[in-house]
Structure formats: C-alpha cells, structure tokens
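Spelled out from the first residue to the last, the chains are:
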Amino acid sequence: MTKKATRSTLLSSFLAVVRYELLWNIRKKKLYGVITIAFVLVTLTLFLRVILSNIENQPLSANPNFAADTGTGLGTFGFFLFALVVVMNSISGEFESGTIVPLLTKPVSRTTVFLGKIFAAFVTLLAAYTVLLVYLALGSSVIYGPQNNLHLLPIVLFGSIASTFVWMSIILAVGALSKSSMVAALVGIGLWLGLAIVGAVVGAVLGQTWVLAYFPGSGAAGYAPNINSTPLPINVTIPAGLQVSTGTDGIATNLVTYILHPSAEVNFYKMEFMIGSRGGPTYTFLNTETLSSIITRESITIAAYILVFSFIAWLALKRAQVAE
Amino acid sequence: MNSAIETVNLTKRYGRLTAVNKLNLNVSANTIHGFLGPNGAGKTTTIKVLVGLLRPDEGVARIFGQEVSGDKPDVRLRIGYMPELPKFPKHLKGWELLDIYGRMYSMSQQQRRDQLPKLLELVGLKGRENDLIGKYSKGMQQRLGIAQALLNEPELVILDEPSLGLDPVGMVEVRELITNIAKEGMTVFLSSHLLFEVQQVCSHVTIINKGVALVSDTIGNVEHKIRGPTTLQIEVTNLTNVLVENLKKLPFVTDVKTEDNKLNITLETREDVRPQVSETITKSGGTIVSMNLIGQSLEDVFVQLIGKAEEEGGRKP
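Cut-offs used in this document
Residues numbered from 1 in each chain as written. Chains lettered and ligands numbered in written order. Predicted model: local features only at pLDDT ≥ 70, side-chain atom pairs only at ≥ 80, totals over all residues. Helix = DSSP H or I, 4+ residues; strand = E, 2+ residues; numbered from the N terminus. Rg over C-alpha atoms; globule rule 2.2 N^0.38 Å. Contact = placed C-beta atoms within 7 Å. pLDDT = per-residue confidence, 0-100. Core = buried A, V, L, I, M, F, W, Y, C linked by C-beta atoms within 7 Å. Buried ≥ 20, exposed ≤ 12 C-beta atoms within 10 Å, placed from the backbone. Nonpolar A, V, L, I, M, F, W, Y, C, P; charged D, E, K, R; others polar. Axes fitted to C-alpha atoms, helices over the stretch in contact; angles between N-to-C directions. Parallel < 35°, antiparallel > 145°, perpendicular 65-115°, else oblique. Left-handed = near helix turned anticlockwise from the far one by under 90°. Pairing = 2+ DSSP bridges.

This part is about the overall build of chain B. Of regular secondary structure, chain B possesses eleven helices and 14 strands. Its C-alpha atoms give chain B a radius of gyration of 25 Å, clearly above 20 Å, the size a compact globule of 317 residues would have. Overall size of chain B, expressed as C-alpha extent along the three principal axes, is 80 × 45 × 35 Å. Here the contacts in chain B between residues at least 6 apart in sequence split such that 68% fall between residues at least 24 apart.

Here it is, written out as structure tokens:
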C-alpha cells in the first residue's frame, strides 16, 4: 500500500528550498568571478593610499579608523555586481531551464519557494561579505596599524547586505516578470549605469541632491565638516570633512559614522567647472542636513525598495503559469 | 469506486487556441489509466492543470476530491509527477536532488536513506547518483524523473510521456515499472502518444484529440465499442450460389461478397465464429483452401477515431 500522505511542514520545506538554492549559488562560476573582483576592489582600497604616497613621496600615516570608515570597500559597483550574480537567474533561470516544473510541483508553496530563495541569497551575501570584511580588517591592521572600532564591522556587514538587497529585489522582480535572466541583467545594468551617470550630473552639477536620495545607488555626496578624515595624498580641491553618501548604497558607512558621531551634520555643494581655468572644480554651498535624518531617509528608502520590488517578484512567481 | 482525478468541463486556452475544451475526465483510484492522443492533443496541458502549473479558464479539476486550482501544496503531497522530458538543475548531483525533494516532502533523514537507494536501483541509476545531473544523458534524466515521482510513495502517479527519450530496453523497463507501482496500490495516470504502450500497461484509457475526449472506458470496452466490423477472407473450391446463400443465413453474417473463388464475409460479432462458417461451407459442398480473420487493431481504431474527429471538426462522435 502507498504511504499515507503526511503534512509537509513549513520549516522542512523552507530549509529544503534554502539548501537547493545555496547549492546552486555556491556552484555558480559567476559568483567566484565576482568574489575575485571584490577581492581586487578591496585590495585596491587597501593599497590606494600606499600607492599614492609613493607617487607623491609622502610618508604613509597610520589610520586606526581605516577599516571602520571604509565599509566593505566594495562601493556601489561591488554591491550591484553581487546582486546581479546572486539573483539574476534565481527565478527567471528556473523558467528558462524548465527546472521550475519539478520544483513547483513539489508540496511546497510558491511563497516558501520565494522566501527560501531570498534567504539563500542573504546567506550567500553574509558569507561573502564576512570574508571580505575580515580580509579588510586584517589588511588595515597590517598597513595602517592597529584598528579601532572593529566591533562596528557587523553593522557594516548588515548595512552592506541591505544596500545589495535593494539591487537584488529590483533584478529579481524584473527576472520574475520577464522570466528572462538576460532581460533582468540588462535592465539591472542599464539602471545602475544610468543612475550612476545621471546621478552624477543631477547631484553634483545641477545641485539637485535631494532627488538622488530616493533612487538606488550611491546618491549625492555631502561632507561632514566636523569629522576628520585622512585626505588622499594628492592635490585635489574638495570640501573639508568626511564624505557621506546619501543613496541606498551608503547606509553601512553612514551608520558607523553616526554611531561614532551622533550629532554630525552634512553639507552639500554644487560643483562648478570653470571652462579654461586651471585646477579642479569649485564648490558652491547648497544646504546642511543632519546625518541622522539622512540615515532615517536612507533606511526608509531601502525598506521601501526591498518591500515593493520583492512583493512584485513574489506576486509574479505566485501568479506565474508554466505553459512551456 | 473513488475518483483519483476528476475534471468537469475543464477548459484551457492559450490566446485564441483552445488547448483543452470542456474536458470531462474521471480516473478511478487504483487503476492504470492511459491518456492517449497525438502530439498537441492537450494531454500535457491537462496534466499541468492537474499539478497546479496552469490555471483553468473554465471548469473544475479535482484530485481525490480536492480542487487543484491555485497553489495547493497539500494536494501535491499526494501526487508524484513526472513531466514530459523533465529538466533538473544541472549543478546538483542525482542523490542531492532526490534528497532535497525528499526534504520538501518532509521525509525524515532515515526515510530518505532507506528510500533513495531503492529508487536509484529501481530506475537503474545506481552508481551514478554522485554524478552531476548536467552529465546525465536524456534517458538518465528521464529515469531520474521517474525516481523523483515515486519518492514519497504517492497515492497518484502522473507520468507524462515516460518513455520519451528512452531506448527500447528502457521502454520495456518503464512499462514493467508502471505495472509494479500499480501493484503497490498507487493510481497511475499515464499520458502517452504510444498506443501500444497504453494497450500493454493500462486498464483504462481516455483518448483525446484537440482538447476533446473522444472516448473513455476500460481498454476492453473501448476496443469492443469502437472497433469496426471484422472480415473473414476465405478461399474455397466449388463456390456455388447455394453456398453463398447458406452463409448469408448465418445470424452473425451481415454481408458476403465473392470474387473468383474468394469469399469476403463481413461479421457483426466479436466472437470467434470460424468453426460455424467452416461447417456451413463444408455442408454446402465447398472445400476451404485458406481462411484469414481480418480485424481492426486498437491502432486502427485510434487512427480512425482521430480521423473521424478531425472530419467532424473536433466534435465528439
């Protein structure tokens, strides 16, 4: 006789999907490519001041806050690349390859499948970023001397994951709607590039910094004048103070800055290039905003992007029909 | 008898194409039910509605009395489904895939350890379970598809073209496997375009074309109901009018035609009446040189049914 059907428990189903997805993630060659790029980016971040000091014949000064101030060292490009590689075919790839058929006919709800995939992406990022942060902390200690505030690195870790999840949810939603990894990748790349280029023009040149706060990416750059930062050992004219990014990619470093300087304020400037003049651009003061209000707005924007686009991706999977 | 599968006026359209048209299907529990039809008849679409991959536009589909429309994991818990030409993640190993699917069925570690080797042995994948699926041949993926459909020892096994891509030996093995799993008490719903496959393993059959069920009954009844008249071709010596008249008087004979010394006798019975015909010829002074019984095979019937349906524009005969 056949075995009597036993109720499939939610937890075992969820963990099975996580396992299914994690095994996929860790066997993606693309992921190892991105991790290699990430190590290169972090290494460049670590050695940039060393290289510039050598060029400028200036001594390299110790910096006990280098690791805490640097974030993951990936920057907006790194976050976007990780997001792209981890989820660009997470749902759409299943439709393209036909593996969605056996998956969705198992006694697992589509919501569980979706949540399992999201959680697996989170675990993948957690592992990758932890390794990168440990590398950055060790490298900082070796190059810039003993480091302070290393206990803040977990905040950097989760802040960076949140920033990456903004891009992830957008790419996931496009992939789930189009059922095409290629479309998901192209839309993602187009959006990232477009925002990077347009954002630079709108924020720095046109001075409309507030607009950028509501788009994914690095946002507008402001400067916290009361926070000392170690300037790059090169001759460039930039406003004094620590640089702060208002976009969704800046939350990790902003949180660390806020914990160390709760009353910090950030000045924004319009950048002007004088045609024919020598030297760098000139900066015209626009406005001041507290770091706490920047972080609040960033957090709400990040949450809104993640929730809205994840909901779209979930709904697309939930309603999807598999005809082919 | 309880219904394992029941559809009432099930309709599914792709744009302007009606793939399944008011299909009424009833599959009794503990039977092997063939779902027979040419390519594009609507078999896979019907199955995809049954397993929750497609939503019907009209009508209802039920599995063991539960409606299947929407995301119903509890219904799927009772089904083992093997898709047509199944595709599995290439980055997983055969064992890993079955193990993960087993976890999705909430099978314990011990259950998985017991069940997986048995299934791998059953489908002939023993020794290859630690290879990546990406290295499997089509036939091996087909076998893996059967294994994952039987993982939870489900009450209902839905197999969509299970022989596709298999070599002749594999096809025979699959047929034996289907017969064996039915003996275990599972209901098997077998979709196929191969008539001989359905004829060999199924107790019941539904023939479908252009989304419409043409006939649904036991294999025996279908053959009996729809087979055309049988003809006896006999070569005799001393063929006379008296002999022909005597043959026409037989109650099961509807027509007798002659050509030289050959007789073509049309019969309206399914019984073997050759002894009575032989006796009548002999008593009428004739001598039989040869005798051939020409009947329609189920294949002829299938072709005839499909052809008839096409002529009638897909209307039920």
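Averaged over chain B, the pLDDT score is 89; the fraction of residues at 70 or greater is 93%. The ipTM value of the predicted complex is 0.86, and its pTM value is 0.85.

What follows covers the environment of Tyr283 of chain A. With respect to the helices, strands and loops of the structure, Tyr283 of chain A is situated in strand E4 (residues 282-290). Every residue in contact with Tyr283 of chain A, bar those within four places of it in the chain, is listed here: Pro239, Tyr269 and Met271 of chain A.

What follows deals with the nonpolar core. Membership of the largest hydrophobic core comes to 157 residues, with the highest contact counts inside it found for Ala83 and Ile171 of chain A together with Ala147, Ile158 and Leu190 of chain B. Residue contributions to this core peak at 14 residues, all from helix H8 (residues 153-178) of chain A. If we skip the residues at most four places from it in the chain, Ala147 of chain B touches Leu98, Leu119, Leu120, Val123 and Leu125 of chain B. The next biggest cluster of nonpolar side chains, apart from the first, holds twelve residues, and it includes Leu239, Leu243, Leu247 and Val253 of chain B.

Turning our attention to the interface of chain A and chain B. Across the contact, 32 residues belong to chain A and 35 residues belong to chain B. Every element with two or more residues in the side of chain A that touches chain B is listed here: helix H1 (10-26) and helix H6 (100-104) of chain A. At eight residues, H1 of chain A tops the list of elements feeding residues into the side of chain A that touches chain B. Along the lines of polarity and charge, the residues of the side of chain A that touches chain B split into 14 nonpolar, twelve polar and six charged.

Residues and elements named next belong to chain A. Interhelical geometry of helix H2 (residues 29-56) versus helix H7 (residues 110-144) gives an angle of 20 degrees and a closest axis separation of 10 Å. Taken together, the axis directions place H2 and H7 in an arrangement best described as roughly parallel. Crossing of H2 against H7: the hand is right-handed. Residues Ile35, Ala38, Val42, Leu46 and Val50 of H2 touch H7, and the partners they reach there are Ala128, Leu132, Tyr135, Leu136, Gly139, Ser140 and Ile143.

Residues and elements named next belong to chain B. Burial runs high along strand E3 (residues 32-36): five of the five residues are buried. Neither face of E3 is left uncovered, since the one carrying Ile32, Gly34 and Leu36 and the one carrying His33 and Phe35 both have all their residues buried. Judged from the five bridges that link them, E3 and strand E8 (residues 187-192) form a sheet pairing that is parallel. Its bridge partner being in E8, Gly34 is matched across the sheet by Leu190. For E3 and strand E9 (residues 204-209), the ladder comprises four bridges, and the chain directions are parallel. Counted as the bridge partner of Gly34 is Val205 from E9.

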